[in-house]
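Descriptive structure summary
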Amino acid sequence: MKQPFFPCENLTVRDGKLYFAGHDTTALALQYGTPLYLLDEARIRHNCRVYLDAFRSHFPAGSLPLYASKANSNKALYRLMTEEGMGIDVVSPGEIFTAKSAGFDLSRAFFHGNNKTDADIAFAMDCGVGCFVADNEEELCAIEREAAARGKTQNIILRLTPGIDTHTYAAVNTGKVDSKFGSAIETGQAEAITKSALQKPHVKLLGFHCHIGSQVFEEDVFERAAAIMIDFIALMKKTYGFDTTLLNLGGGYGVRYVESDGQIDIPKKIATLAGVINAACAKYAIPVPRICMEPGRSIIADAGLTLYTVGAVKRIPGYKAYVSIDGGMADNPRFALYRSSYTCHTANKMDEEPSLVASLVGRCCESGDIIQENVPFPASVGRGDIVAVCTTGAYNYAMASNYNRLGRPATVILREKDSYVAVRRETFEDLIALDE
Ligand SMILES: *Cc1c(COP(=O)(O)O)cnc(C)c1O
């Protein structure tokens with residue numbers, strides 16, 4: 001039998017069963033029920049440390065990796081981020097509230113979003129969010145107003161679009177000129193908003209931000225983006241005498257979902273990136289700013305795994321076969337949204353030859369409710385088997401819904417020999433909690 005493919009080293013097989021983070025996934029399915037999101041705490045910490053160590057080695061003091069909350073946000077994760085010394089990026093008052101409730105020091109938070117309402121801005125300021133990432137001129141004015149009303153000065157950076165086109169899916173490609181995010185360097189809007197920010201008495205401009213996309217594997221896009229940003233920083237120095245002290249290069253390193261995906265050596269990428277930044281700054285004789293990056297997926301994706309129980313298995317003669325599970329697009333809409341690839345295993349039958357190719361489909365009333373096409377299953381797959389979908393730590397729980405009034409699954413965190421519920425499973429009572 002061919003060795004099964006595992007996208008991350010936290011997956012192993014013992015006695016024909018799939019183990020995740022050293023735990024028997026079939027036992028966890030029994031203990032907590034399915035569908036179930038699992039998170040491997042050691043892997044999360046490892047992924048944070050990869051960034052923290054590389055930042056310490058290559059970037060100026062005060063540089064900080066920021067966990068991109070939108071990938072997966074709950075109080076336990078913010079506690080982990082505190083323990084690891086990470087910063088965070090947040091995009092909504094809900095994420096700010098969650099982080100604050102977990103005791104996260106919000107002076108280490110960057111507040112994103114292309115349309116922050118006045119209420120969002122006021123809330124974030126009152127919570128003490130350290131830095132706002134101002135997206136556009138109207139928002140900049142609103143930040144100035146709210147800061148003035150509080151008699152304070154708010155640290156900000158400006159989100160710019162460096163005009164880089166990555167070849168990822170259009171919905172996750174954000175760094176090009178034609179984007180709803182940020183101000184384009186190419187059109188002069190970036191310079192205009194910089195000038196405007198420098199004239200506002202209640203905002204303190206620290207520097208700039210760009211985010212070129214997500215699930216990025218291309219060789220040199222971060223380096224190209226950094227070079228364009230430093231050209232711009234040098235121009236702002238020359239034009240306005242402005243000293244940039246912070247450059248935030250966003251998130252986006254790709255992770256390995258399936259065997260054909262590449263594998264990114266993050267420390268190596270960061271070393272190369274630092275080389276480009278240092279050389280560009282030296283060329284202009286400007287000091288190297290503090291660097292931030294905002295990894296989401298590359299912190300949390302491979303620390304996650306979802307377990308399901310198989311229900312109906314349909315073999316349609318002359319057509320394909322379907323394996324139905326007790327979850328679906330309500331807990332993982334990514335295939336429905338982007339046709340995202342995943343590695344799937346039948347967790348209790350790892351020693352059987354996977355000779356049946358079938359679509360792994362959910363229980364929602366939508367034909368598009370598919371988790372993955374062309375999944376290899378053992379021919380004996382049937383009701384009661386446990387299916388594991390790997391690498392689901394990012395953008396699964398975060399994108400989950402109550403479609404069909406399905407309660408969201410629990411998130412259980414695995415810590416060494418123990419496991420604990422980080423987010424409990426939604427009950428029927430939770431589903432009607434808001435109904436009057
Ligand atoms: C989505 C996003 C991130 C995180 O991206 P990943 O691909 O998960 O690393 C970081 N910064 C911004 C502004 C984003 O929109």
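To be clear, the structure that these remarks concern was listed above.
These notes cover the structure that comes with them. (Residues numbered from 1 in each chain as written. Predicted model: local features only at pLDDT ≥ 70, side-chain atom pairs only at ≥ 80, totals over all residues. Heavy atoms only, no water.)

As for the site of the ligand
Lys-70, Ser-214, Glu-294, Arg-297 and Tyr-395 are the nearest of the 15 residues found near the ligand. Measuring from a nitrogen atom of the ligand, one finds a side-chain N or O atom of Asp-89 at 3.5 Å. Contact distances for the ligand include 2.5 Å between an oxygen atom and a side-chain N or O atom of Tyr-395. Summarising the interface, the protein chains cover 94% of the accessible area of the ligand, which totals 380 Å² for the free molecule. Looking at the shell around the ligand residue by residue, the classes come out as three nonpolar, seven polar and five charged. (Near = heavy atom within 4 Å. Polar contact = N/O pair within 3.5 Å; in protein donor to acceptor, adjacent residues only side chain to side chain. Areas by Shrake-Rupley, 256 points an atom, 1.4 Å probe, with all protein chains shown as cover. Nonpolar A, V, L, I, M, F, W, Y, C, P; charged D, E, K, R; others polar.)

Observations concerning the nonpolar core
Judged by nonpolar contacts, the single largest core of 100 residues is most densely connected at Ile-44, Ile-88, Ile-156, Phe-208, Leu-249 and Leu-360. Counting only domains with at least three residues in this core, you end up with domain 1 (11-40 + 301-432) and domain 2 (112-295). The next biggest cluster of nonpolar side chains, apart from the first, holds 18 residues, and it includes Ala-29, Leu-36, Leu-38 and Ala-410. (Core = buried A, V, L, I, M, F, W, Y, C linked by side-chain atoms within 4.5 Å. Buried < 20%, exposed > 50% of the residue type's maximum accessible area, 1.4 Å probe, protein only. Domains from an automatic or database assignment.)

Details of the pairing of strand 20 (residues 410-415)
In terms of burial, strand 20 is largely enclosed, as five of its six residues are buried. The sheet contact formed by strand 4 (residues 36-40) and strand 20 spans five bridges and is parallel. Bridge pairing links Leu-39 to Ile-413 in strand 20. Pairing of strand 20 with strand 21 (residues 418-423) involves five bridges; the strand directions are antiparallel. Note on strand 21: the bridge partner recorded for Arg-415 is Asp-418. With antiparallel pairing between neighbouring strands as the criterion, strand 20 and strand 21 make up a hairpin whose turn holds two residues, including Glu-416 at a positive phi of roughly 45°. (Helix = DSSP H or I, 4+ residues; strand = E, 2+ residues; numbered from the N terminus. Pairing = 2+ DSSP bridges.)

Regarding the packing of helix 4 (residues 93-101) against helix 5 (residues 118-127)
Put simply, helix 4 and helix 5 touch, their axes get as near as 10 Å, and they point 20° apart. One finds that helix 4 runs roughly parallel with respect to helix 5. By crossing handedness, the relation of helix 4 to helix 5 is classed as left-handed. Taking contact as the criterion, the partners of Pro-93, Ile-96, Phe-97 and Lys-100 in helix 4 are, on helix 5, Asp-120, Phe-123, Ala-124 and Cys-127. Across the contact of helix 4 with helix 5, the residue classes tally to six nonpolar, no polar and two charged. (Axes fitted to C-alpha atoms, helices over the stretch in contact; angles between N-to-C directions. Parallel < 35°, antiparallel > 145°, perpendicular 65-115°, else oblique. Left-handed = near helix turned anticlockwise from the far one by under 90°. Contact = heavy atoms within 4.5 Å.)

Some details on the packing of aromatic side chains
A full pass over the atoms with the stated rule returns eight aromatic pairs. In textbook terms, an aromatic cluster arises when at least three aromatic residues are bridged by ring pairs, as seen for Phe-208, Phe-232 and Phe-242. Sitting over the face of the ring of Tyr-19, Arg-14 holds its NZ or CZ atom 4.3 Å from the ring centroid. The ring of Phe-111 has Lys-116 sitting right over it, with the charged end atom 5.5 Å from the ring centre. (Phe/Tyr/Trp six-rings, centres within 6.5 Å; stacked < 30°, edge-to-face > 60°. Lys NZ or Arg CZ within 6 Å of the ring centre and 35° of its normal.)

Digging into the environment of Met-293
In this fold, Met-293 is placed in strand 13 (residues 290-293). A relative accessible area of 2% means that Met-293 is categorised as buried. Distance from Met-293 to Gly-251, taken between C-alpha atoms, is 5.8 Å for residues 42 residues apart in sequence. In contact with Met-293, not counting residues within four places along its chain, are Phe-55, Leu-64, Pro-65, Leu-66, Phe-222, Asn-248, Leu-249, Gly-250, Tyr-253, Ile-270 and Leu-273.

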